[in-house]
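Observations on the model geometry
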Amino acid sequence: MPLSEHEQRMLEQMERALYAEDPKFASALEGSGLRTYTRRRVYQAVAGFLVGIALLMAGMVAQLIWVSVVGFLVMLGCAVLAVTGWRKAPKPGEQPQGAARRQARPKRSMMDRIEQRWQRRRDEQGH
């Protein structure tokens, strides 16, 4: 059963109020883009690489070879993560893979998506 126009207006008002009150939370509910995710992943990998360097140096100073080896492995793993994350990141102005498929559908509001999920669950349960 679709919502009446009054209910749709109320939901849109609630959505606008949520954005006005807490835009960070509202955008978290919508999800972040691939570009932001890959950028964050690269930054984390760089930070991990620096931790690996610190472990490598600490192992050399303390003359503990296993700490140096762990530091090297952390550096290697983080370098691989950074390079793969950087390659997967879409260029500025470029659409990520699968964006053409997503653009074919009209953008729905968060409340529309929640409503559709609710209706699917109700239909699956036989109500």
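Not measured: the values here are computed from a predicted model.

Scoring rules and cut-offs
- Residues numbered from 1 in each chain as written.
- Predicted model: local features only at pLDDT ≥ 70, side-chain atom pairs only at ≥ 80, totals over all residues.
- Heavy atoms only, no water.
- Helix = DSSP H or I, 4+ residues; strand = E, 2+ residues; numbered from the N terminus.
- Buried < 20%, exposed > 50% of the residue type's maximum accessible area, 1.4 Å probe, protein only.
- Contact = heavy atoms within 4.5 Å.
- Axes fitted to C-alpha atoms, helices over the stretch in contact; angles between N-to-C directions.
- Parallel < 35°, antiparallel > 145°, perpendicular 65-115°, else oblique.
- Expected span 1.5 Å × (residues − 1).
- UniProt positions renumbered as here; feature names shortened; annotations may be inferred.
- pLDDT = per-residue confidence, 0-100.
- Patch = residues over 30% accessible without salt bridge, like charges linked within 9 Å, V, L, I, M, F, W, Y side chains within 5 Å.
- Areas by Shrake-Rupley, 256 points an atom, 1.4 Å probe, with all protein chains shown as cover.
- Salt bridge = Lys/Arg side-chain N within 4 Å of Asp/Glu carboxyl O.

**Thoughts on the overall build of the chain**
Counting its secondary structure elements, the chain contains 6 helices and 0 strands. When the helices and strands of the chain are placed in sequence order, the string is α-α-α-α-α-α. When burial is assessed residue by residue, the chain has 19% of its 127 residues classed as buried. When contacts within the chain are restricted to residue pairs at least 6 apart in sequence, long-range pairs at least 24 apart make up 55% of them.

**Details of the packing of helix α1 (residues 5-21) against helix α6 (residues 110-125)**
Contact pair α1 / α6: the axes reach a minimum separation of 9 Å and the direction vectors enclose 125°. Classified by the interaxial angle, the pair formed by α1 and α6 is oblique. Together, Leu11, Glu15 and Leu18 of α1 and Met110, Met111 and Glu115 of α6 make up the contact between the two elements.

**Some remarks on α6**
With 16 residues, α6 ought to run about 22 Å at 1.5 Å a step, and its terminal C-alpha atoms sit 23 Å apart, in line with that. Of the residues making up α6, those classed as buried are Met110, Met111, Arg113 and Glu115.

**As for the UniProt feature "transmembrane region" (unreviewed entry) in the chain**
Those residues carrying the UniProt feature "transmembrane region" (unreviewed entry) are residues 42-59 and 65-86 in this numbering. In residues 42-59, the share of helix is 100% and the share of strand is 0%. The end C-alpha atoms are 25 Å apart.

**Thoughts on the side chain of glutamate 115**
The residue glutamate 115 is located in helix α6 in this model. By relative accessible area, glutamate 115 is classed as buried at 19%. Not counting chain neighbours up to four residues away, the residues in contact with glutamate 115 comprise Leu3 and Leu11.

**Notes on the confidence of the model for the chain**
Across the chain, pLDDT averages 76, with 70% of residues at or above 70. When mean pLDDT is taken per element in the chain, helix α4 (residues 65-88) scores highest with 86 and helix α5 (residues 99-104) scores lowest with 46. Note on residues 98-104: pLDDT under 50 across the span, and 3 contacts to partners over four residues away in sequence or across chains.

**As for a nonpolar patch on the surface**
A cluster of nonpolar residues, Ile65, Val69, Phe72, Leu73, Leu76 and Val80, forms a patch on the protein surface that exposes about 590 Å² of accessible area. With respect to the helices and strands, valine 80 occurs in helix α4.

**Remarks on unusual backbone geometry**
Positive phi, close to 60°, is recorded for glutamine 63, a residue that is not glycine. Summarising the element assignment, glutamine 63 is placed in the loop between α3 (34-62) and α4.

**Let's talk about the side chain of serine 68**
Considering the arrangement of structural elements, one finds serine 68 in helix α4. Classification of serine 68 by relative accessible area gives buried; the value is 12%. Those residues in contact with serine 68 that sit more than four places away from it in its chain are Leu55, Leu56, Gly59 and Met60.

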